[in-house]
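Take a look at the letters that make up each chain.
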2 protein chains.
Amino acid sequence: MSAEITARPKVRPGKRTNDPEGLRKRVLDVAEASFQARGYHASSLGDLMAAAGVTGGALHHHFPTKKALALAVIEERVAAAVEETWIAPLQAAGSAREGVRSVFEAVATELEQQGFVRGCPLNNLAHELSLADPDFRAALAAIFSAWREAIADKIRADQQAGREQDTDPQRFAALAAATYSGAMSMAKTAQDSGVLRDCLNALEQGASPASSSKGGAIAKRRRRVLLRQHRVV
Amino acid sequence: MSAEITARPKVRPGKRTNDPEGLRKRVLDVAEASFQARGYHASSLGDLMAAAGVTGGALHHHFPTKKALALAVIEERVAAAVEETWIAPLQAAGSAREGVRSVFEAVATELEQQGFVRGCPLNNLAHELSLADPDFRAALAAIFSAWREAIADKIRADQQAGREQDTDPQRFAALAAATYSGAMSMAKTAQDSGVLRDCLNALEQGASPASSSKGGAIAKRRRRVLLRQHRVV
DNA sequence: GACAAAACAGGACAACCGGTCTGTTTTAGA
DNA sequence: TCTAAAACAGACCGGTTGTCCTGTTTTGTC
């Protein structure tokens, strides 16, 4: 989830060192951060070039159009972020519900630490670009699909171990992904990560097959409003 | 939810009829539709003027800046859409869960009929504008807040009638709103409204206090991919 | 070292955007 | 009817955007 921005190597005039992969990585780093923070349309190539320390010619060489750049960000960076944040931890968890829970809590904790909610990269771009271009939509839909499939697969693994017999994998996956997406959306707008924990608690209270009867005393949730400033690029 | 686009009155040169409210409404109609379909940054004032049949002078007279126009769309149209689509039906329902269910189904049915998923107006603008401007963020957060509060209030009403004793109103509201937002997000990206029904089913299967034990045979959901084209303005 | 391709530099440009400005027409009130 | 404000028309402008183009430098290969 954290993008390590690589610094531009200082170069004195007359001496130049070609570094295609490094330059490409630098551009993608900057583009990923800016697309997330300001969105696609609000990010100008001029700003990205300045932030990455890259000339127009170099940028055009690696990414012929702005659309190509965004497509690369989606397919390489956004997909990787979902993989890293969601899919890998989920697969490593003891069960699907446990995995979902740990992801929610990890993200909530991270947001509280950094004091600012930038939102889910996938959802941010999906809302802005899904209807704008078929290629964008297809790329984003594929990531959503892989995400949900990973959750469903984990439920199926649970089922093969004798658990979750009454759970429909696809439906559970849809609910988990939707809840996360929506919670991040509200957390971003309210700049308050507490919604994530609210949703997680509600999800676990109602969704766990044996927890329905022992409610009663509900721990008062804590609300933490995030106030710290942020600045990107 | 449906925006009735008012046609521009034909005017022969030399004769003009002032219609401040009508013109304002026409501009808001077009802006609401375009902001939802293409987003804020991708909607140019020139396009909006042409679509609404309005000159620059007239537009500037009613909305000094583009931001002012967007703020009006948010505060008047988006808030009204949430009220109409969610809050009113919810308050009219027999219970909170019943209300949530009926809203989900109504929206899913509507999407299937129109054959295209444009997404939730609130979420669409929230993602693009929440981080762009504090005024935008505040206006959008207020709508989210009112939405969740209405759901929580309905739970509280249920509780006063002796039901939902184990349900935390705030958490339930957060979960319902988040699930809807996230489901609409995925439905928009996939152009498939089936996710809404998946989420609703998962929500009801797990969240209803007495339904946990009687699962077993789960009805196979139907998936319907939407293919029809759309064109706005 | 020759050479072609890749990598990069940097300017140019046309289209477009949002906002402003001046001027005209309509409308309401006295 | 007179008048002032509101409502509207339409041209205009500075700045920005994404893209393209022509060169120059570096790099791998024979």
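Position labels on residues start from 1 in each chain and follow its written sequence. Chains carry letters from A onward and ligands carry numbers from 1 onward, assigned in written order. Note on the predicted model: pLDDT of at least 70 is required for a residue's local features to be given, and 80 or more for side-chain atom pairs to be given and counted; whole-chain, interface and lining totals, by contrast, use all residues. Hydrogens and water molecules were not included; the side-chain quantities draw on all heavy atoms of the structure.

Tallying secondary structure elements over chain A gives 9 helices and 0 strands in all. Strands are runs of DSSP state E lasting at least 2 residues, helices are runs of H or I lasting at least 4, and numbering of each runs from the N terminus. Listing the helices and strands of chain A from first to last along the sequence gives α-α-α-α-α-α-α-α-α. Burial classification: accessible surface area is computed with a 1.4 Å probe over protein chains only, and a residue below 20% of its type maximum counts as buried, one above 50% as exposed, and the rest as partly exposed. Sorting the 233 residues of chain A into buried and exposed places 53% on the buried side. In what follows, residue pairs with any heavy atoms lying within 4.5 Å of each other are defined as contacts. Contacts in chain A between residues far apart in sequence, at least 24 positions, make up 70% of those at least 6 positions apart. To measure how exposed things are, a 1.4 Å probe is used in the Shrake-Rupley method; for residues, cover is taken only from the protein chains shown. Just so you have it, chain A exposes about 10800 Å², and 53% of that area is on carbon and sulfur atoms.

Looking now at the protein's contact with DNA strand D. For this purpose, a residue is taken to be near a molecule or strand whenever a single non-hydrogen atom of the residue falls within 4 Å of it. Taken together, 21 residues lie around DNA strand D, and Leu45 and Lys66 of chain A together with Asp19, His61 and His62 of chain B are the ones closest in. By atom count, sugar and phosphate contribute 85% of the portion of DNA strand D lying within 4 Å of the protein. Any N or O atom pair separated by 3.5 Å or less is treated as a polar contact, with the protein-specific requirement of one donor-capable and one acceptor-capable atom, and with residues adjacent in sequence counted only for side-chain atom pairs. Separating a phosphate oxygen of DNA strand D from a side-chain N or O atom of Lys66 of chain A is a distance of 2.6 Å. Here a phosphate oxygen of DNA strand D and a side-chain polar atom of His61 of chain B are 2.7 Å apart. The greatest single-element share of the surface near DNA strand D, amounting to 4 residues, is contributed by helix 3 (residues 56-62) of chain B. Classifying every residue of the surface near DNA strand D gives 3 nonpolar, 12 polar and 6 charged. As a working rule, the residues Ala, Val, Leu, Ile, Met, Phe, Trp, Tyr, Cys and Pro are called nonpolar, Asp, Glu, Lys and Arg charged, and the rest polar, with Gly in that last group.

Attention now goes to the protein's contact with DNA strand C. Close contacts around DNA strand C come from 22 residues, with Asp19, His61 and His62 of chain A together with Leu45 and Lys66 of chain B the closest. Counting only atoms of DNA strand C within 4 Å of the protein, the sugar-phosphate share comes to 82%. Within the backbone of Asp19 of chain A, one N or O atom sits 2.8 Å away from a phosphate oxygen of DNA strand C. Gly57 of chain A is positioned with one of its backbone polar atoms (N or O) 3.3 Å from a base nitrogen of DNA strand C. Take the surface near DNA strand C: its biggest share by element is 5 residues, from helix 3 (residues 56-62) of chain A. Residues of the surface near DNA strand C, tallied by class, amount to 3 nonpolar, 13 polar and 6 charged.

With that out of the way, let us pick up the interface of chain A and chain B. Note: interface size is frequently given as the accessible area lost on complex formation between the parts. The interface is formed by 57 residues belonging to chain A together with 58 residues belonging to chain B. The junction of chain A with chain B conceals about 4700 Å² of combined surface from both sides, 58% of it contributed by carbon and sulfur atoms. By buried area we mean the combined loss of accessible area, with a 1.4 Å probe, across both parts when two parts are placed together. Considering only the surface of chain A that becomes buried against chain B, His127, Leu131 and Arg171 of chain A emerge as the three largest contributors, covering 18% of it. Joining chain A to chain B, the criterion identifies 12 residue pairs in polar contact (both at pLDDT 80 or more). Among the secondary structure elements, those contributing two or more residues to the side of chain A that touches chain B are helix 1 (20-38), helix 6 (121-129), helix 7 (134-160), helix 8 (169-190) and helix 9 (194-207) of chain A. Taken together, the residues of the side of chain A that touches chain B sort by class into 25 nonpolar, 21 polar and 11 charged.

Our focus in this paragraph is the confidence of the model for chain A. All names here are of chain A. In predicted models, pLDDT denotes the confidence assigned by the predictor to each residue on a 0 to 100 scale. For chain A, the average pLDDT comes to 88, and 82% of its residues sit at 70 or higher. In this model, residues 1-13 is a region of pLDDT below 50 whose contacts with residues beyond four sequence positions or in other chains number 18 contacts. Confidence drops under a pLDDT of 50 for residues 208-219, and excluding neighbours within four residues, the segment shows 18 contacts in the predicted structure.

Right, let's talk about the packing of helix 6 of chain A against helix 7 of chain A for a bit. All names here are of chain A. Remark: helix 6 packs on helix 7, axes separated minimally by 10 Å, with the N-to-C direction vectors making an angle of 145 degrees. Of the two possible hands of crossing, helix 6 and helix 7 adopt the one that is left-handed. Residues Leu122, Asn123, Leu125, Ala126 and Leu129 of helix 6 touch helix 7, and the partners they reach there are Phe136, Arg137, Leu140, Ile143, Phe144 and Trp147. Partitioning the contact of helix 6 with helix 7 into residue classes produces 9 nonpolar, 1 polar and 1 charged. Axes, fitted as lines to C-alpha atoms, cover a helix only where it is in contact. Angles between the N-to-C directions of the axes lie from 0 to 180 degrees. Two helices crossing with the near one rotated counterclockwise from the far one by less than a right angle form a left-handed crossing, whereas a clockwise rotation gives a right-handed crossing.

Looking now at the pattern of salt bridges. The working definition used for a salt bridge is a side-chain nitrogen of Lys or Arg within 4 Å of a carboxyl oxygen of Asp or Glu. Going through the model one piece at a time under the given rule, you end up with 27 salt bridges over all chains. Among the ionic pairs, Arg77 of chain A bridges to Glu32 of chain A, the shortest N-O distance being 3.0 Å. Separated by 45 residues along the polypeptide, Arg77 of chain A in helix 4 (residues 66-92) and Glu32 of chain A in helix 1 bring together distant segments of the chain. Given a relative accessible area of 17%, Arg77 of chain A falls into the buried group. Glu32 of chain A sits in the buried class, given a relative accessible area of 17%. We note a salt bridge from Asp153 of chain B to Arg156 of chain B, for which the minimum N-O separation is 2.6 Å. Placement of both Asp153 of chain B and Arg156 of chain B in helix 7 (residues 134-160) is noted, with a separation of 3 residues, approximately one turn of the helix. By relative accessible area, which is 30% here, Arg156 of chain B ends up partly exposed.

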